[in-house]
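Descriptive structure summary
Residue-level listing of the chains:
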Amino acid sequence: MTEPMLQGKTHDIPKRLVWDAWLKVKENKGAAGADGVTIEQFEADLRGNLYKLWNRMSSGSYFPGPVRAVEIPKKGGTRILGIPNVVDRVAQTVAVLALEPGLEKVFHDDSYGYRPGRSALDAVAVCRKRCFRNDWVIDMDIKAFFDSMPWDLTQKAVAHHTDSKWVMMYVERWLKSPMLMPGGILKHRTMGTPQGGPISPLLANLFLHYGFDAWMTREYPGISFERYADDVIVHCVTERQARQVRAAIGDRLADVGLELHPGKTKVAYCKDGRRRGVYEVISFTFLGYTFRPRKALHKDRKGTFTGFLPGVSAEKLTEMSRRAQAWKLNRRTTLTLAELARAVNPVLGGWLAYFTRFYPTAVIPLCKRINRHLIRWAKRKYKRLERSDKRAWAWLAAVAERAPRLFAHWRYCATT
C-alpha cells in the first residue's frame, strides 16, 4: 500500500513498508543492539517508535547507531557478528523490502543463500547431484568476506538497481556505521558489512552476483556451481580444469578486492566406487555436510555400493554434542521426562531436521550421546536406578517403547 508524498518529506517511503519491516524484525527476534533496547522495549511504544523512524527516514535525518560486536566461537578462533539496534534493524529491513523484489529477478539460479524460497539444503541437494556427474570440485573459501567487501563496488552495485536516493544514502550510512567492541571501544571501519544486520546478506549476494556469479556465467558458461552467500562449490570435469579455474577465480576475486583463503580453498576428487583414481583430497565440507566416499544400500536394498555422499560433518557433530552437554540435563531432576523433552526438542529437532536430509545414520553418534545424558539424569532422579547402568538402560528402553516420539532423536537410534 502506497501513500501520496507528504509535504516537507524529501523521500517517499510508504508507512506500510515500515510496518511490514517491523513485523519481519519481530518475527526474527534477536538481541538488543548497542543502545540496549530490546524488541519488547521497542514494542512498548511501537506506534511512536515506528512513526519517528518513518519521519526521520522520509526527511533524510535518520542516522544509524553503532553496531554491537558479538564474538561467536568458530573453528580456529572467533567470528565477529554485528548486531544493529532494533530501530536500525527495522530501517535496514525497509530497504531490503524495497530492493529485494527487483534483485530476485536478476540473481543467479545457483545462488541459494538468504533468498526467498531457497535453502541451504537445496544447495546441498544440487551439489550432490552434480558430484555424481563431475569428478572434481573446487571448494572455495573467501577470506574474511563480510569484513572485506569494498564499499565503492557495493554502492555501485546498489545504484545499478535502484533510483531511490534514500536507499543509496542509507546503505552508505549503514556500511560506515562504527562497531562497538566488547571492551566498549568504538571501532571505525573502512570496508565490509557486519554480519548480523538484515541488509548485509542482500548486499553480500548483490556483490557476489557481479563479483562471481555473472563473471562465471560469462567466462565459464559450461561450469556449474552452487553458492550460499560466500560458501561456494565449483564442479569441474578434470583436475587440470579445476586447477585452471581455481587460479582464474583467485585472479577475479583479487580484481574486486577479495582473496581466496590459501589454506582452506582446495581442489577435491569426488571418489566413489566407479572412480578408480587415487588422490590425496577426496572430501570437502559444504554447509555443514561433509561429502566423501560412504557405503550405501542399493535401491532394492540388496547389497551395498560406495557413493560420494554428504553426511553431517564431524565438526558439526562435535559442536552439537558440546551444546547438548552444556544443557546439563543430568542436573535438571526437578523436571519430568516429558518436561525435559519439551525443553530440548525444539533445538534437537531443528538439528536433526537439517542433518538427516542426507545420510541420516551419520547423526547416530549424537543421538547416542543424548541418550547417555538421559541415563545420567535418570540415575540421579530415581534411587532405584542410581547403582545399575543395566537397569537404567532397560528403564529408558521401556519408556521409548511406550512413547517412541517423546524425544526427537529416538526415531534415529535405539535406546541401547
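Residues numbered from 1 in each chain as written. Predicted model: local features only at pLDDT ≥ 70, side-chain atom pairs only at ≥ 80, totals over all residues. Heavy atoms only, no water.

Focus on the overall build of the protein
A tally of regular secondary structure across the protein gives 14 helices and eleven strands. Oriented by its inertia axes, the alpha-carbon framework of the protein measures out at about 75 × 60 × 40 Å. Looking at the 416 residues of the protein, the share that counts as buried comes to 45%. Long-range pairs, those at least 24 residues apart, make up 67% of the contacts in the protein between residues at least 6 apart in sequence. A total of about 21700 Å² of accessible surface is found on the protein, and carbon and sulfur atoms cover 51% of it. (Helix = DSSP H or I, 4+ residues; strand = E, 2+ residues; numbered from the N terminus. Buried < 20%, exposed > 50% of the residue type's maximum accessible area, 1.4 Å probe, protein only. Contact = heavy atoms within 4.5 Å. Areas by Shrake-Rupley, 256 points an atom, 1.4 Å probe, with all protein chains shown as cover.)

Here's the deal with the packing of helix 7 (residues 151-159) against helix 9 (residues 199-219)
Remark: helix 7 packs on helix 9, axes separated minimally by 9 Å, with the N-to-C direction vectors making an angle of 90°. By the angle between their axes, helix 7 is roughly perpendicular relative to helix 9. Together, Leu153, Thr154, Ala157 and Val158 of helix 7 and Leu203, Leu206, Phe207 and Tyr210 of helix 9 make up the contact between the two elements. For the contact of helix 7 with helix 9, the class distribution of residues is seven nonpolar, one polar and no charged. (Axes fitted to C-alpha atoms, helices over the stretch in contact; angles between N-to-C directions. Parallel < 35°, antiparallel > 145°, perpendicular 65-115°, else oblique. Nonpolar A, V, L, I, M, F, W, Y, C, P; charged D, E, K, R; others polar.)

Comments concerning the sheet that holds strand 10 (residues 289-297)
Where strands meet in a sheet, backbone hydrogen bonds hold them as pairs that are either parallel or antiparallel. The antiparallel open sheet is built from three strands, whose spatial order is 9-10-11. The two strands at the open ends of the sheet, each matched to only one other strand, are strand 9 (284-286) and strand 11 (304-312). Looking at each pair of strands side by side, their axes are set apart by 55° on average, direction ignored. Where strand 9 lies against strand 10, three bridges are found, and the strand directions are antiparallel. Paired with Phe286 across the bridge in strand 10 is Tyr289. (Pairing = 2+ DSSP bridges.)

Quick word on the side chain of Asn205
As for its position among the elements, Asn205 is in helix 9. Apart from the residues within four sequence positions on either side, Asn205 is in contact with Phe107, Ser111, Gly113, Tyr114, Arg115, Arg227 and Ala229.

Some points on the packing of helix 3 (residues 46-59) against helix 4 (residues 86-104)
Two packed helices can be described by the angle between their axes and the distance between those axes. At their nearest, the axes of helix 3 and helix 4 sit 11 Å apart, and the two run at 55° to each other. Judged by the angle between their axes, helix 3 and helix 4 are oblique. Crossing of helix 3 against helix 4: the hand is right-handed. Along its contact with helix 3, which presents Leu50, Leu53 and Met57, the element helix 4 presents Val87, Val90, Ala91 and Val94. Its residues assigned to classes, the contact of helix 3 with helix 4 comprises seven nonpolar, no polar and no charged. (Left-handed = near helix turned anticlockwise from the far one by under 90°.)

Describing helix 1 (residues 15-28)
For helix 1, with 14 residues, the first-to-last C-alpha span of 20 Å sits near the 20 Å given by 1.5 Å per residue. As for helix 1, its buried residues are in contact with helix 2 (39-44), helix 3 and helix 4. With its phi angle positive at about 60°, Lys29 sits one or two positions after the end of helix 1. (Expected span 1.5 Å × (residues − 1).)

Quick look at the pattern of salt bridges
Following the criterion strictly, the structure yields 15 salt bridges and no others. Notably, a salt bridge pairs Arg16 with Asp20, separated by 3.3 Å at the nearest N-O pair. Of this pair, Arg16 and Asp20 are both found in helix 1, four residues apart, which corresponds to roughly one turn of the helix. Between Arg227 and Asp213 there is a salt bridge, and its shortest N-O distance comes to 2.8 Å. On the criterion of sequence distance, the pair formed by Arg227 in strand 6 (residues 225-228) and Asp213 in helix 9 is long-range, its members being 14 residues apart. (Salt bridge = Lys/Arg side-chain N within 4 Å of Asp/Glu carboxyl O.)

A few points about the packing of aromatic side chains
Each aromatic ring pair is described using two quantities: the centre-to-centre distance and the angle formed by the ring planes. Under the counting rule described, the total for this entry stands at 25 aromatic pairs. Plain terms: the ring middles of Phe284 and Phe291 are 4.7 Å apart, the flat faces sit at 10° to each other, and that makes the pair stacked. The class of Phe284 is buried, set by a relative accessible area of 1%. Phe291 sits in the buried class, given a relative accessible area of 0%. Taken together, the ring pairs connect Tyr289, Tyr354, Phe355 and Phe358 into an aromatic cluster. Directly above the aromatic system of Tyr112 lies the positively charged group of Arg118, at a separation of 5.4 Å from the ring centroid. (Phe/Tyr/Trp six-rings, centres within 6.5 Å; stacked < 30°, edge-to-face > 60°. Lys NZ or Arg CZ within 6 Å of the ring centre and 35° of its normal.)

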